[in-house]
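Analysis of the macromolecular model
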Amino acid sequence: MSKAAIFFATGYEEIEALTVVDILRRAGEEIEMVSVTEERTVTSSHGVTVTMDKVLSEVNFDETDVIVLPGGMPGTSNLEACSALMEQVDAFVKADKLVAAVCAAPSILGHRGHLKGRKACAFPSMESQLEGAQVSREPAVRDGNIITGRGMGAAIPFALAILGALQSEEAAEEMARGIVFK
């Protein structure tokens, strides 16, 4: 079993975040919902407040296999403004550990230079911020240790791509059938 941490900032997109939590937990993966502040509750861009498992200062990144960044506005901007999280994103990419970002959040990876020469996708209005990437219009894309997703409508393919990376493509296909996605 792998351990995933999904980071929530005020203004996150709830479907993108909670779909990943749901699918990975269904698959038996350990996933922690983490607030990037010291507050245990975080409110989405549409006024949905969710209680987190942890706050950022409680995360053991040495025991974490994947960092997940949901989109939403101003959630994405608030994630990017969190320097402690950005240090970990950079360290994960450098160590070839899995980093996943969806909707507006892949722009963070573009701004940090992590998409150069890689295939990636994002919400259409954010594609120009995928600096150095080969922009894809696929719902979700994995290129090495980075997974990106286009937006709320791609939340399931994005979550399945993470599951495929953590377990296997067969496990992701089985999950897709189990949730009547395919």
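Up top you'll find the structure we're talking about.
The following refers to the structure shown. (Residues numbered from 1 in each chain as written. Predicted model: local features only at pLDDT ≥ 70, side-chain atom pairs only at ≥ 80, totals over all residues. Heavy atoms only, no water.)

Alternating residues of strand β6 (residues 66-69) divide into Val-66 and Val-68 and Ile-67 and Leu-69, and every residue in both groups is buried. Sheet topology note: the strand β1 (residues 3-8)/β6 ladder contains three bridges and is parallel. Note on β6: the bridge partner recorded for Ile-6 is Val-68. As judged from the four bridges shared by β6 and strand β7 (residues 98-102), these two strands associate in the parallel manner. Residue pairing across strands places Ile-67 opposite Val-99, the latter belonging to β7. (Buried < 20%, exposed > 50% of the residue type's maximum accessible area, 1.4 Å probe, protein only. Helix = DSSP H or I, 4+ residues; strand = E, 2+ residues; numbered from the N terminus. Pairing = 2+ DSSP bridges.)

Here the focus is helix α6 (residues 169-178). Of the positions making up α6, those classed as buried are Ala-171, Ala-172, Met-175 and Ala-176. Down the axis of α6, the sector holding all buried residues measures 140 degrees, keeping them to one side. Exposed positions of α6 whose direction lies more than 90 degrees from the buried face are Glu-170, Glu-174, Arg-177 and Gly-178. For α6, the secondary structure elements touched by its buried residues are α1 (14-26) and α5 (155-166). At the exit of α6 stands Val-180, carrying a positive phi of roughly 60 degrees. (Arc of directions from axis to C-beta. Contact = heavy atoms within 4.5 Å.)

The subject of this paragraph is the pairing of strand β10 (residues 140-143). Pairing between β10 and strand β11 (residues 146-149): four bridges, direction antiparallel. Opposite Ala-140, over in β11, you have Gly-149 as the bridge partner. Where β10 hands over to β11, the hairpin turn is made up of two residues, of which Gly-144 adopts a positive phi near 65 degrees.

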